[in-house]
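Architecture and fold: a report
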Amino acid sequence: MNAETLDIVIVGGGLVGASLAAGLAGSGRRVALIEAAAPPQTAPSWDERCIALNHASRRIFEGLGVWDAMVADAAPIRSTHISEQGRFGVARFTADEAGLDALGHNVPLRAIGRTLWDRMLALGGTRLYCPARLQALAIGDEQAELTLDSGQTLHARLVIAADGAGSRVRELLQIASERRDYAQSAIVTAVRTTRSHRGCAYERFTPDGPIALLPKGEGDKTCSLVWTTPADDVDMRLAWGDAAFIAAAEQAFGERLGRFVELGRRQAYPLARVMSEALQAPRVLFIGNAAQSLHPVAAQGFNLGLRDVAAVIDVLSVAGDDCGAAALLQDYAARRRDDRERIAGFTDRLVRLFSNRVPGLRGLRHLGLLALDLAPPLKDAVLWQNLGLGSEAPSLARGAR
Ligand SMILES: Cc1cc2nc3c(=O)[nH]c(=O)nc-3n(C[C@H](O)[C@H](O)[C@H](O)COP(=O)(O)OP(=O)(O)OC[C@H]3O[C@@H](n4cnc5c(N)ncnc54)[C@H](O)[C@@H]3O)c2cc1C
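The present account deals with the structure reproduced in this document. (Residues numbered from 1 in each chain as written. Predicted model: local features only at pLDDT ≥ 70, side-chain atom pairs only at ≥ 80, totals over all residues. Heavy atoms only, no water.)

The next point concerns the sheet that holds strand E3 (residues 50-54). The strand order across the open sheet built from 3 strands is E3-E7-E4, with neighbouring strands paired in antiparallel fashion. For this open sheet the edge positions go to E3 and strand E4 (75-77), each flanked by a neighbour on one side alone. Across the sheet, the mean angle from the axis of one strand to that of its neighbour is 30°, orientation sign disregarded. With 5 bridges joining them, E3 and strand E7 (residues 104-108) adopt antiparallel strand pairing. The residue of E7 that forms the bridge with Asn 54 is Gly 104. Packed onto the sheet, helix H2 (residues 55-63) meets E3 and E7 and runs at close to 90° relative to E3. (Pairing = 2+ DSSP bridges. Helix = DSSP H or I, 4+ residues; strand = E, 2+ residues; numbered from the N terminus. Axes fitted to C-alpha atoms, helices over the stretch in contact; angles between N-to-C directions. Contact = heavy atoms within 4.5 Å.)

Structure follows, in structure tokens:
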């Protein structure tokens, strides 16, 4: 079998790899995408979930020309409401105070994936290896050699690892990662409620973990529900009949949306934080979950990964013929460091602050939510960070492309 020579090979066609493939299609570079699952809609990330896309992600997708197609079935998030079970402190954020029409959009994950895939195919030029699995990787001075499970070899100046939290590229290069198992799973489903959500995304912290209800684009009384569940209780909550699950979820969430009257299919996702110790290695960049995989409590994982994608597009836009040159890889890592540390740190602190049961911390948490609601500078900082518009945002996220 002949080796194929390319500029860029993206390993992994989940949400992040597919976003980059769509962004590079038509760029004039010779790009290949390797994805293990076939058809792509069966890959781990192409499931029934909705993903809350923040304002920066909207701008990035607008810049890539895919936004309008993916939001047809989405629900705008006009406000958020964060509270703690049994406490009065509440933090609220509204689109009005941010001067925006929406803080974000809750978009069916399949709609994101389908739109990206269609865009990549429509622009043409991307070599697809799907289903195919990266098996081996050898790094040379001028290029990398990738071997697929079919025995096919590819040569590329740059390899982009978008192969998820258990990255095979990371493993093959023996790059360490820091892993923290939260001993929790997120149970995800849909609920119909008796009261309208009016575009508000709710998150309520309970001693067992947060429960979130986000508007879903099917009328104004359907929400996606994400219920963080201690590992020991996951099987039990999945085995409950709908009535028992609804009763327990209502008890945890409270009555802000009235009663829960209908439930969708339940799916559980074990939660861990996995941070790659490097964002680049010779001829290789890491993006999305391959770079950092976060707890979904703050709905930041994909939003952050999409800013990785936008930063790759930025550095490649000024690259010469050698798009895997060391300086370019270092530039990417430097651009991503602060955003990544800030979001990963914020997310982890949020999980740990609210998931322990130490009595003294309860008052602090309550004060924290109140302070957040009342102190404008603090509130602004959190708001802009969650919108993905902190400093150093890539050009696409600033609407500058
Ligand atoms: C319950 C839950 C809710 C979430 N909600 C939100 C949210 O509201 N907002 C948000 O921003 N984020 C959210 N996230 C995070 C988001 O889902 C992830 O950040 C995102 O899906 C990561 O995408 P990825 O493409 O980097 O990785 P993955 O989705 O893991 O994709 C990796 C891909 O690589 C492929 N692959 C793996 N190994 C190989 C190989 N050797 N060869 C070829 N291909 C390979 C896999 O088949 C897969 O398709 C949530 C996560 C969870 C668990």
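Read on, since the account is not over.
So, on to the nonpolar core. Counting residues in hydrophobic clusters, the biggest one holds 98 residues, and the most contacted among them are Phe 61 and Leu 146. For this core, the element with the highest residue contribution is helix H9 (residues 301-317), accounting for 9 residues. When near neighbours in sequence (up to four residues on either side) are disregarded, Leu 146 contacts Val 9, Val 11, Ile 34, Leu 134, Ala 136, Leu 137, Gln 152, Thr 153, Leu 154, Ala 156 and Val 159. Counting 17 residues, the second-largest nonpolar core is a separate cluster that includes Tyr 202, Leu 225, Ile 246 and Phe 260. (Core = buried A, V, L, I, M, F, W, Y, C linked by side-chain atoms within 4.5 Å. Buried < 20%, exposed > 50% of the residue type's maximum accessible area, 1.4 Å probe, protein only.)

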